[in-house]
Amino acid sequence: MSPLSEFSDYFPAFDSSAFIEPVVVTFRWGGDMNEMVVALNSAYLLGYQKNSATFEPQSGVFLSNEQVKEGAEAMSANGI
């Protein structure tokens, strides 16, 4: 967990005005798809309780909390 200000170069166009004290929570995984499911579910649960934005770096897009949940569910349904 880090303040958003530490990532201003990485997210220069991100509008953080909807957040009082924005922080960045980073989930990393080492290639095990079970880790990915845990990371997605963790991101979803954080977003369920708090106003959040989830950035998916491989595609370079922000996902809604519902999209994060759908991704975790799809991976789990596929036996991952």
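Refer to the structure presented above.
Each residue is numbered by its place in its chain's sequence as written, counting from 1. Given that this is a predicted model, residues contribute local features only at a pLDDT of at least 70 and side-chain atom pairs are listed and counted only at 80 or more, while totals for whole chains, interfaces and linings are drawn from all residues. Hydrogens and water molecules were not included; the side-chain quantities draw on all heavy atoms of the structure.

## Details of the packing of helix 1 (residues 33-49) against helix 2 (residues 65-77)
Okay, so step 1: For the pair helix 1 and helix 2, interaxial distance at closest approach is 9 Å and the crossing angle is 150 degrees. When the axes of helix 1 and helix 2 are compared, the pair comes out roughly antiparallel. For the crossing formed where helix 1 meets helix 2, the hand is left-handed. Taking contact as the criterion, the partners of Met-33, Met-36, Val-37, Leu-40, Asn-41, Ala-43, Tyr-44, Gly-47 and Tyr-48 in helix 1 are, on helix 2, Asn-65, Val-68, Lys-69, Gly-71, Ala-72, Met-75 and Ser-76.
Okay, so step 2: A per-class count over the contact of helix 1 with helix 2 returns ten nonpolar, five polar and one charged. Lines fitted to C-alpha atoms define the axes here, with helix axes fitted over just the stretch in contact, and angles between the N-to-C directions of these axes take values from 0 to 180 degrees. We count a stretch as a helix when DSSP gives it H or I for four or more residues in a row; a strand needs E for two or more, and each element gets its number in order from the N terminus. Roughly parallel covers angles under 35 degrees, roughly antiparallel covers those over 145, roughly perpendicular covers 65 to 115, and oblique covers all other angles. We call a crossing left-handed when the near helix sits turned anticlockwise from the far one by less than a right angle, and right-handed when that turn is clockwise. Contacts: residue pairs with any heavy atoms within 4.5 Å of one another. Here the nonpolar group is Ala, Val, Leu, Ile, Met, Phe, Trp, Tyr, Cys and Pro; Asp, Glu, Lys and Arg are the charged ones; every other residue, Gly included, is treated as polar.

## Quick word on the environment of Gly-30
Okay, so step 1: Among the structural elements, Gly-30 can be located in the loop between strand 2 (23-24) and helix 1.
Okay, so step 2: Classification of Gly-30 as exposed rests on a relative accessible area of 71%.
Okay, so step 3: Spatially, the C-alpha atoms of Gly-30 and Glu-66 are 24 Å apart, while their sequence positions differ by 36 residues. Each residue is placed in one exposure class: buried if its accessible area under a 1.4 Å probe, protein chains only, is under 20% of its type's maximum, exposed if it is over 50%, and partly exposed if it falls in between.

## A few points about helix 1
Okay, so step 1: With 17 residues, helix 1 ought to run about 24 Å at 1.5 Å a step, and its terminal C-alpha atoms sit 25 Å apart, in line with that.
Okay, so step 2: For helix 1, the complete set of buried residues consists of Met-36, Val-37, Ala-39, Leu-40, Ala-43, Tyr-44 and Gly-47. Within helix 1, the buried residues cover an arc of 165 degrees as seen down the axis, which keeps them to one side. Those residues of helix 1 that are exposed and angled more than 90 degrees off the buried face are Val-38, Leu-45, Tyr-48 and Gln-49.
Okay, so step 3: Looking at the buried residues of helix 1, the elements they touch are helix 2.
Okay, so step 4: Under the rule applied, a polar contact is a pair of N or O atoms within 3.5 Å (in protein, one hydrogen donor and one hydrogen acceptor; residues adjacent in sequence only if both atoms are side-chain atoms). Sitting at the head of helix 1, Asp-32 places a side-chain oxygen 2.7 Å from the backbone nitrogen of Asn-34. In this scheme, a helix's expected span is set at 1.5 Å multiplied by one less than its residue total. Along the arc lie the directions from the helix axis toward the C-beta atoms.

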